[in-house]
Amino acid sequence: MIPNSPGRPLIRTALLALAGAVTAALALTTAHPAAPTAAPEPRPQGATADGAPLLQQAATDGTGLSPLLARGKDGRLWDYEPKGTGGWKARVDMGGGYSSASALVQAGISDSGRGNDLYFRMGGTLYYTAERGNETKRLGTGWDQYNLLVSVANMAGSAQPDLVARGTDGQLWLYQGKADGTLSARIRMKDSTGWNGMSLIAGRGDYTGDGIADLVTRNSAGNLLIYPGTGKATADAVLGTSTSLGNVDWKDYTALVSTGDNNGDGKADLMAVDAAGALWLYKGTGTAGAPFSARTQIGTSGWTQYNLLF
């Protein structure tokens, strides 16, 4: 069993939900705009070696920085705790069976933003569970209409981090977060159906230095684009005009991910996995014209074994 930690308590209700203990008694919220009839909820297989429920958090180092969670192609989940100066400590095994979740998203909401909470999708149903709380919430069905869910911090003026959802039709939607983990009605972020042409989408921080979270994408040509958040919860006006950083290096990465600030300087960073399995850190500068410093290698190999980093 992975030990509990005073700095990061066990996510008690996520353990139960992912182990198959979510029941119809969980209230269905109105966060989702359209809720098709719910199918029977799937039950993931697997548990930790001692039979404990699946998800338990590893010890934290007290830096206040967010961990990186990685799901292997075998469905096993791993926790990487931040060193506090850039990079990660040795991974901690969090158990198997996570292939049953078709989306996993980490967001800091509970305990005034200090909790590392989870949104997860099983079948077409989205759930939220607080690290520092005692309740898992079923947020609605119909979430299988989205092929990507990403946490992007605060893009449109709310105090809590938001979710970005990309529809199978190529539309991009913003769900503003609330203090209890529920979500406001969705807002179309930009009048475009071309978002399925983006091979990678990430965020979770302000990259332009204006205090508003931004969206980082890579297009089919391999160019990295930053779409600045406007701070407006207005349809088709959530994002400003994109800036291209070119395709040097970016075109060859197999994954991009951000956990926000990784090295403790207060600026959002970006990480990338190359084809050889190495992990690279691009430290944020907080400057719109040059948002990232030159890359630094923080993992030598093995990162292509994961099919999800969040």
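Since the structure is predicted, the reported quantities are computational estimates derived from the model, not experimental observations. (Residues numbered from 1 in each chain as written. Predicted model: local features only at pLDDT ≥ 70, side-chain atom pairs only at ≥ 80, totals over all residues. Heavy atoms only, no water.)

For the rest of this paragraph, the subject is the confidence of the model for the protein. With 79% of its residues at a pLDDT of 70 or more, the protein shows a mean pLDDT of 82. Of the regions scoring below 50 in pLDDT, residues 1-13 engages in 47 contacts with residues more than four places distant in sequence or in other chains. Note on residues 19-62: pLDDT is under 50 here. Beyond four places in sequence and across chains, it has 120 contacts. (pLDDT = per-residue confidence, 0-100. Contact = heavy atoms within 4.5 Å.)

Once that is clear, we can look at the sheet that holds strand β10 (residues 172-175). As summarised here, the arrangement of the four strands in space is β8-β9-β10-β11, forming an open sheet in which the pairing is antiparallel. Looking at the sheet topology across the chains shown, the edges are occupied by β8 (146-151) and β11 (187-188). Summarising the sheet, β8 and strand β9 (residues 163-167) pair through five bridges and their orientation is antiparallel. Considered in β9, the bridge of Leu-148 is made with Arg-166. (Pairing = 2+ DSSP bridges. Helix = DSSP H or I, 4+ residues; strand = E, 2+ residues; numbered from the N terminus.)

Next up on the list: the pairing of strand β18 (residues 279-282). Burial along β18 is two-sided: the residues Leu-279 and Leu-281 and Trp-280 and Tyr-282 are all buried. With antiparallel pairing between neighbouring strands as the criterion, strand β17 (residues 270-273) and β18 make up a hairpin whose turn holds five residues, including Gly-277 at a positive phi of roughly 95 degrees. The sheet contact formed by β18 and strand β19 (residues 296-299) spans three bridges and is antiparallel. The residue bridging Leu-281 from the neighbouring strand is Thr-296, located in β19. (Buried < 20%, exposed > 50% of the residue type's maximum accessible area, 1.4 Å probe, protein only.)

This part takes up the sheet that holds β19. Reading across the sheet, the four strands line up as β16-β17-β18-β19 and stay open at both edges, with antiparallel pairing between neighbours. Looking at strand neighbours, the two that pair on one side only are β16 (255-257) and β19, the edges of this open sheet. Strand-to-strand twist of the sheet, defined as the mean angle between neighbouring strand axes without regard to direction, takes the value 30 degrees. By the bridge criterion, three bridges tie β16 to β17 in an arrangement that is antiparallel. When the sheet's bridge partners are listed, Ala-255 is paired in β17 with Val-273. (Axes fitted to C-alpha atoms, helices over the stretch in contact; angles between N-to-C directions.)

Take the packing of aromatic side chains next. Note on aromatic pairs: each is described by the distance of the centres and the angle between the planes. Under the definition given, this model contains 15 aromatic pairs. Clustering of aromatic rings is evident, with ring pairs tying together Tyr-207, Trp-250, Tyr-253, Tyr-282 and Phe-292. Lying over the aromatic face of Trp-78, Arg-91 brings its terminal NZ or CZ to 3.5 Å of the ring centre. (Phe/Tyr/Trp six-rings, centres within 6.5 Å; stacked < 30°, edge-to-face > 60°. Lys NZ or Arg CZ within 6 Å of the ring centre and 35° of its normal.)

Residue position: Tyr-119 is located in strand β5 (residues 117-122). One polar contact links the side chain of Tyr-119 to the main-chain carbonyl oxygen of Gly-181, over a distance of 2.9 Å. (Polar contact = N/O pair within 3.5 Å; in protein donor to acceptor, adjacent residues only side chain to side chain.)

Glancing now at the pairing of strand β6 (residues 125-129). In terms of residue burial, β6 counts as a mostly covered element, since five of its five residues are buried. With five bridges connecting them, β5 and β6 associate as antiparallel partners. The residue bridging Leu-118 from the neighbouring strand is Thr-129, located in β6. What sits between β5 and β6 in their antiparallel hairpin is a turn of two residues, with Gly-123 showing a positive phi close to 65 degrees. Inspection of the sheet shows β6 paired to strand β7 (residues 136-140) by four bridges, in the antiparallel sense. Its bridge partner lying in β7, Tyr-127 is registered against Arg-138.

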